[in-house]
Amino acid sequence: MSLSDYQERAQALGLAPQEEVERLLNQENNTVLLDVRTADEIATFGKMAQAIHIPCTATDASKLVAHVPEICSTKETPIIIYCRSGRRAATAKKALEESGYQEILNAGGYDDIKQIIINRHLD
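Residues numbered from 1 in each chain as written. Predicted model: local features only at pLDDT ≥ 70, side-chain atom pairs only at ≥ 80, totals over all residues. Heavy atoms only, no water.

Asker: Break down the pattern of salt bridges for me, with residues and values.
Answerer: Overall, the coordinates contain eight salt bridges when judged by the stated rule. Residues Asp-35 and Arg-37 are paired through a salt bridge, measuring 2.6 Å at the closest nitrogen-oxygen approach. The same class applies to Asp-35 as to Arg-37, namely buried. Between Arg-88 and Glu-41 there is a salt bridge; the shortest N-O distance is 2.7 Å. Placement of Arg-88 in helix H5 (residues 87–98) and of Glu-41 in helix H3 (residues 39–45) is noted, with a sequence separation of 47 residues between them. For the residue pair Arg-88 and Glu-41, the accessibility class agrees, reading buried in each case. (Salt bridge = Lys/Arg side-chain N within 4 Å of Asp/Glu carboxyl O. Buried < 20%, exposed > 50% of the residue type's maximum accessible area, 1.4 Å probe, protein only. Helix = DSSP H or I, 4+ residues; strand = E, 2+ residues; numbered from the N terminus.)

Encoded structure:
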């Protein structure tokens, strides 16, 4: 996935700057990493070991909103969300913001977050 592809999706879907995602991942805090893809996508492509799986669609994040209080101690808990391309993560981000969560980043797709984490380990 090229940088220009990420930048195009960032503009269209409101993806967070990769540096900001990396900053939150590097913090020694309670940042929650959410994977909102389907179970089939995870079975096919895998998921980040530290990610919590709560699926949503591009139009419905109600299940996610219902379950996030079980994994986030407060609405100030930082949350990083990813899916396949960033579209479902954008829906999830908006729904969580409307529910009062304050620090939420759309990290884009699984390949995007995987690359950020790989780059962290190479530095």
